[in-house]
Amino acid sequence: MNNQPKIEAFKSFYQQGKDLYNAGDVVSARDSFIKAAELANDISVTSTSYEVRMEYHKTATKILEFVKKSCVKNPPKPITPKGDDSEKTPEIKAEPKSTISFADVAGLEDVKDQIRFKVIEPMNNPELAEIYQIEPGAKILLYGPPGTGKTFIARAIAGEVDAAFYAINCQDLISKYMGDSSKKLDELFDAAQQNERAIIFFDEFDSVASKRGDGSDGVDAEMARFVATFLTKVDGFKKSETNKMLLLIAATNRPWTIDSAMLRGGRFDTHIYVGVPDQEAREFLVNKVLAKLPLEEDVNLSRLASVLEGYGGGDITAICNKIKTNAYMRSIKSGKVQNITREDCNLVLVSSHNMISSEDLEKFEKFRMNGSID
């Protein structure tokens, strides 16, 4: 589909919004920004390119966040207790201890091995790690197509080393207020330091660590401040007496957009590709959902796993859940247990669309080999 007219319209409304905002006409700027966000979202939905879809989805989100925070006239002051002039922010807390382990991760043995040597073994064998001056903890970038299990792997690491796990969406760390992002980062690292072992997981890392322009508008300016603060925290962090291991994990679907300053030595210099599952891993996922359910004799789960080649692990699980739901709905209507049939499988497969294209996989492979897609 040709989205060029929409792209031109998006650029026009976005520029109009910036001009109006800079001129002080906040109300009119808001209308222009909203139209630009609607066009960006439409481009994201209709584009056949994964990179374009992600780019315009994030752009629409950023614009709407900016409108929400900045394009209001005389915004009401937050109600605060007497004697307290600061706005209260939610306390940062770790997730409940993870019960997930590497045994729950389908395939990806090369990924598990890299993490074992980098993180787990120094914790399990500290004497040997000390001989070779290997410190537990690291800064790891997990990258790969969406739905391949990057978040799941991060939680599995926490389960393997019994660490407190802080899952952070990078968009939530961005605020238009000068210094607020820095405060949130301070709170986050301070909270992690209180644990003997802790993992901070930064999801959608590219949303704040991407290569930037001049940072002249309100959203990009705050992101630039965030990046500078973030790098200072990463470079200057020292483990406390309480904390024996801090692992920073960042995840992204677009590693080629991340600023090189984030990836140099001493920062996120361990890059681990999390690709689509192979046949063995796909069978693991399919069997995990369907193997113990009532099946017709002609339902071949190995064959189903083969048909799902190229799909991400999350999509495979979702497809299998839809298949079993079809049989479940028939059971409700008939009042009797219905076996899962080949027709159930075929109906779901026909209506499913793989969001990971061969072109996307080629980009990841190129980045994995060369560190860029240029």
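These numbers were taken from a predicted model, which means no experiment stands behind them.

### Quick notes on the packing of helix α13 (residues 313-334) against helix α14 (residues 342-351)
Now for step 1: Orientation of α13 relative to α14, taken along the N-to-C sense of each, is 130°, at an axis distance of 9 Å. Of the possible angle classes, the one that applies to α13 and α14 is oblique. You can see that α13 and α14 cross each other, and the crossing is right-handed. Here I319, K322, I323, N326, A327 and R330 of α13 come into contact with α14, specifically with D344, C345, L347, V348 and L349.
Now for step 2: Among the residues making up the contact of α13 with α14, the classes are represented as seven nonpolar, one polar and three charged.

### With respect to helix α15 (residues 358-370)
Now for step 1: In a regular helix each residue adds 1.5 Å, so 13 residues correspond to 18 Å; α15 covers 18 Å between its end C-alpha atoms and thus fits that length.
Now for step 2: Within the sequence span of α15, burial applies to D360, F364 and F367. Along the axis of α15, the buried residues cluster in a sector spanning 60°; they form a single face. Exposed residues on α15 whose side chains face more than 90 degrees from its buried face are E359, E362, M369 and N370.
Now for step 3: Trailing α15 by a residue or two, G371 shows a phi angle of about 80°, which is positive.

### A few points about the environment of D104
Now for step 1: Relative to the elements of secondary structure, D104 occurs in the loop between α3 (50-70) and α4 (109-124).
Now for step 2: Residue D104 is classed as partly exposed on the basis of its relative accessible area of 28%.
Now for step 3: Setting aside residues up to four positions removed in sequence, D104 forms contacts with T99, F152, F284 and K288.

Reading the values: rules and limits
- Throughout, a residue's number is its position along its own chain's written sequence, starting from 1.
- The predicted origin of the model limits local features to residues at a pLDDT of at least 70 and limits the giving and counting of side-chain atom pairs to 80 or more, whereas totals for whole chains, interfaces and linings rest on all residues.
- With hydrogens and water excluded, all non-hydrogen atoms of the structure serve as input to the side-chain values.
- Axis definition: a line fitted to C-alpha atoms, limited for helices to the stretch in contact. Angles are taken between N-to-C directions and run from 0 to 180 degrees.
- Each helix is a run of DSSP H or I of at least 4 residues and each strand a run of E of at least 2, with the numbering of both proceeding from the N terminus.
- The cut-offs work like this: below 35 degrees is roughly parallel, past 145 is roughly antiparallel, 65 to 115 is roughly perpendicular, and the gaps in between are oblique.
- The hand of a helix crossing depends on one turn: near helix anticlockwise from the far one by less than a right angle means left-handed, and clockwise means right-handed.
- We call two residues in contact whenever any of their non-hydrogen atoms come within 4.5 Å of each other.
- The classification used treats Ala, Val, Leu, Ile, Met, Phe, Trp, Tyr, Cys and Pro as nonpolar, Asp, Glu, Lys and Arg as charged, and all other residues, Gly among them, as polar.
- To estimate how far a helix should reach, multiply one less than its number of residues by 1.5 Å.
- Throughout, exposure labels follow a simple rule: accessible area from a 1.4 Å probe, protein chains only, divided by the maximum for the residue type, with under 20% read as buried, over 50% as exposed, and the rest as partly exposed.
- This arc is taken over the directions from the axis of the helix to the C-beta atoms.

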